Amino acid sequence: MLQRLYLLLLILIQSGNIFVQASQHFDSLYRQGISQCDFDLEIARKCAFEMATEPDLSFVDKAHLNYLSYKISLRELLLSTNNNSDELSVEAKPEINNQPLWKQGIMMINQGKTEKGLSILLDILFHDELNLHDSILAQIDITLGHAYRLNYETANAVAHFHKVISNHSSTPIMKAMASENLALIYDQSGKLSYEQRFDSVRKYALQTIQIAETNNLRGALALGQNQLASLYRLNSNNLDSSSFYAQLAFKNFIDEGMIRHAMNTSIILSDILIKQQQIMKSLLPLEQIHDLLPFSGNEDLFLRVYLQMAKVNELLGNYFEAYEFLSVARLLQEKTFKAEVHRQINELTAQYDLAVKDARIAESEYILEIRKKEVRNLILSLVLILFILFSSFFYWQNRKKTIEQRHKLELIEKQQLEAEVKRKNQELAFKNNELIQSMTFNIQKNNVLKKLKDDIRMEKKASELIQVINANVDSQRTWKSILLDFQKLYPAFIANISQKHPNLSSNEVRLAVLLFLNHTSVEIAGILSVSEAAVNKSRQRLRKKIALSKNISLNDYFQSLR
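So, a few notes on the structure that sits alongside this text. In this text, all values refer to a predicted model and were calculated from it rather than measured experimentally.

Some thoughts on the overall build of the protein
Alright, step 1. When its secondary structure is counted, the protein shows 22 helices and zero strands.
Alright, step 2. For the protein, with 562 residues in total, the buried portion stands at 34%.
Alright, step 3. Look at the contacts in the protein between residues 6 or more apart in sequence, and 55% of them connect residues 24 or more apart.
Alright, step 4. As displayed, the protein offers around 35,800 Å² of accessible surface, 57% of which is attributable to carbon and sulfur atoms.

Quick look at the structure:
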């Protein structure tokens, strides 16, 4: 019996030594990895790999391993981006440039760019609301409500979530999300009394659960249950209900693969169990969820889990474990805080660079606009100058034409004047010739009369006197002389009348000439030494021969043939 006890004691001592040695080796790897993160990443990676291969790691060891992995990832990111800062947060940002505009707005809000996302979505609702499908409008309203909730614009957030719930085209999952967000809004409201807040949160959480159960939406169901668990744990009289809903939410989150939500619920459930004085049991949900979620990208939740583990271990009296969890949590908190500061600095730097770029673009556009105005003004000036030049050219061309036309008119007027002067001179010459002929004729007549007077005194026979008179009365010769003078003044008349009326006799042509000269029948009778009746008969025969209408006078007709 004693031998058995001795052997058992040896085994226990040896096992303890092995455990201590393993623990010391793990701690040595952890310290070496932490110290080499900033100098030799390869050594730090090897340390992390050996730590991960150790069997039966405690949750404290897993916390140390997670912190070392976190620090290695930060250092790798620092080297890959060539940034001078010590640590940066690991954050995956999905590509949004190739998405539709409404999706870009939603993704920007989800990434924390609330103001820009709100601007895009509100602009879409203002201009294109009627052209969007109801399901897209519901997604936009959900996102806008979420953004307003984060900005503490409660009235706007509540309006958008109620719009989703009242819209018949909204899907059940969207209505459930809207109800769950309304529960969150009233849960965070500081303006309501405890009773008002409790009733509002309970109303919308139960509404979320009802919609989820009706439509088999386990994720939404877990969100509603988690909301009720958080609500009931505020009152010590409702801790059993809080624990019930928290366990349901925890299970549904895990079954639905919503591990981040499950980890958050595990902290709530642990806190509820502590209030129920089930301290040992309060570690179980934390240990159950610990290995289900990768550490990278979920540092904020692991930080809260480690703080909760430190709290539970302190209550259990495990001060060493509590200290280790608290140490890792504080280191992680410090690194997370620095990473967040660097992220914000980088984001502000990017915003500053974007603002500078926008300012430069605006300056370039302003300069370009000024250049465009200068070019427009130059073009207008050139057009105006060309217009003035062309106007001047056409003005001088028109003036030149006007001067030329005036000169031509003056030449024509001069020619007409010269022709008129020539005609007047011809008429004058004709008048002079007529005067001379009249004087010559009168002299001849006087001479004949004197001769007749002398013959009468000499008492010559009547036959001799008649012979003298006939010798001096030569009407044919007188007519030829008149016709010759007429042709000089009106050379075209005889030709025109001969061409138009070739069948006229010489006596009829002579009558036409006398009518052209506007002589009356009495005057013509005296000129031709015939009676007036004979002249009128000749006129009637001439009118008939040329077939002239009765309403046209012979004088006017012959004037038209000049």
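What follows picks up the thread again.
Some details on the side chain of S282
Alright, step 1. Within the fold, S282 resides in the loop between α12 (259-275) and α13 (284-290).
Alright, step 2. Judged by relative accessible area, S282 falls into the buried class, the value being 0%.

Notes on a nonpolar patch on the surface
Alright, step 1. The grouping of L378, L382, I385, L386, L389, F390, F393 and F394 at the surface amounts to a nonpolar patch, some 820 Å² of accessible area in total.
Alright, step 2. Counting through the fold element by element, F394 comes out in helix α15 (residues 319-457).
Alright, step 3. For F394, a relative accessible area of 48% translates into the label partly exposed.

Points about the pattern of salt bridges
A side chain of one charge can pair with a side chain of the opposite charge if their charged atoms are brought near each other.
Alright, step 1. Going through the model one piece at a time under the given rule, you end up with eight salt bridges.
Alright, step 2. Between D187 and R197 there is a salt bridge, with the nearest N and O atoms lying 2.8 Å from each other. Here R197 lies in helix α9 (residues 194-215) and D187 lies in helix α8 (residues 172-188), a separation of 10 residues in the sequence.
Alright, step 3. The exposure class assigned to R197 is partly exposed, which follows from its relative accessible area of 23%.
Alright, step 4. Between D271 and R233 there is a salt bridge, with the nearest N and O atoms lying 3.1 Å from each other. Separated by 38 residues along the polypeptide, D271 in helix α12 and R233 in the loop between α10 (218-232) and α11 (239-256) bring together distant segments of the chain.
Alright, step 5. Within this structure, R218, K251 and D255 form a network of salt bridges that share partners.

Quick look at unusual backbone geometry
If a residue is not glycine, its phi is most likely negative; likewise, a peptide bond is most likely trans.
Alright, step 1. Phi is positive for N216, close to 55°, though the residue is something other than glycine.
Alright, step 2. Take N216: it is sitting in the loop between α9 and α10.
Alright, step 3. With phi around 65°, Q277 is a residue other than glycine that occupies positive phi space.
Alright, step 4. Counting through the fold element by element, Q277 comes out in the loop between α12 and α13.

As for the packing of helix α19 (residues 506-516) against helix α21 (residues 532-545)
Packed helix pairs are characterised by how far apart their axes lie and by the angle those axes make with each other.
Alright, step 1. Packing of α19 against α21 brings their axes to within 11 Å, and their N-to-C directions diverge by 100°. In terms of their interaxial angle, α19 and α21 are classed as roughly perpendicular. Facing α19, whose interface residues are E508, L511, A512 and L515, α21 presents S538, R539, L542 and K545.
Alright, step 2. Here the contact of α19 with α21 is built from residues that sort into four nonpolar, one polar and three charged.

Quick notes on the side chain of S170
Alright, step 1. With respect to the helices and strands, S170 occurs in the loop between α7 (154-166) and α8.
Alright, step 2. By relative accessible area, which is 7% here, S170 ends up buried.
Alright, step 3. A polar atom in the side chain of S170 sits 2.8 Å from the backbone oxygen of V164.

Overview of the packing of helix α4 (residues 101-110) against helix α5 (residues 114-128)
Alright, step 1. Two elements in contact, α4 and α5, have axes whose closest approach is 7 Å; the angle formed by their N-to-C orientations is 150°. When the interaxial angle is binned, α4 and α5 end up roughly antiparallel. Crossing angle aside, the handedness with which α4 passes α5 is left-handed. In this structure, α4 contributes L101, W102, G105, I106, M108 and I109 to the contact, and α5 contributes T114, K116, G117, L118, I120, L121 and I124.
Alright, step 2. Considering only residue class, the contact of α4 with α5 consists of nine nonpolar, three polar and one charged.

Some words on helix α2 (residues 41-53)
Alright, step 1. With 13 residues, α2 should cover 18 Å at 1.5 Å per step; its first-to-last C-alpha distance of 18 Å lies within 8% of that length.
Alright, step 2. Looking only at α2, the buried set comprises L41, A44, C47, A48 and M51. Down the axis, α2 shows its buried residues gathered within 120° of arc, on one side only. Set apart from the buried face of α2 by more than 90 degrees, the exposed residues are K46 and F49.

So, the nonpolar core
Alright, step 1. Membership of the largest hydrophobic core comes to 49 residues, with the highest contact counts inside it found for I140, L144, F161 and L228.
Alright, step 2. Looking at which element gives the most residues to this core, the answer is helix α6 (residues 134-150), with eight residues.
Alright, step 3. In contact with F161, other than residues within four places in its own chain, are I142, G145, H146, A178, N181, L182 and I185.
Alright, step 4. Among the nonpolar cores identified, the runner-up in size contains 30 residues, and F253, I289, F302 and Y306 belong to it.

Some points on the environment of L283
Alright, step 1. By the secondary structure assignment, L283 is in the loop between α12 and α13.
Alright, step 2. Along the backbone, L283 and N313 are 30 residues apart, and their C-alpha atoms lie at a distance of 8.5 Å.
Alright, step 3. Setting aside its immediate chain neighbours within four residues, L283 contacts M309, V312, N313 and L316.

Cut-offs applied
Residues numbered from 1 in each chain as written. Predicted model: local features only at pLDDT ≥ 70, side-chain atom pairs only at ≥ 80, totals over all residues. Heavy atoms only, no water. Helix = DSSP H or I, 4+ residues; strand = E, 2+ residues; numbered from the N terminus. Buried < 20%, exposed > 50% of the residue type's maximum accessible area, 1.4 Å probe, protein only. Contact = heavy atoms within 4.5 Å. Areas by Shrake-Rupley, 256 points an atom, 1.4 Å probe, with all protein chains shown as cover. Patch = residues over 30% accessible without salt bridge, like charges linked within 9 Å, V, L, I, M, F, W, Y side chains within 5 Å. Salt bridge = Lys/Arg side-chain N within 4 Å of Asp/Glu carboxyl O. Axes fitted to C-alpha atoms, helices over the stretch in contact; angles between N-to-C directions. Parallel < 35°, antiparallel > 145°, perpendicular 65-115°, else oblique. Nonpolar A, V, L, I, M, F, W, Y, C, P; charged D, E, K, R; others polar. Polar contact = N/O pair within 3.5 Å; in protein donor to acceptor, adjacent residues only side chain to side chain. Left-handed = near helix turned anticlockwise from the far one by under 90°. Expected span 1.5 Å × (residues − 1). Arc of directions from axis to C-beta. Core = buried A, V, L, I, M, F, W, Y, C linked by side-chain atoms within 4.5 Å.

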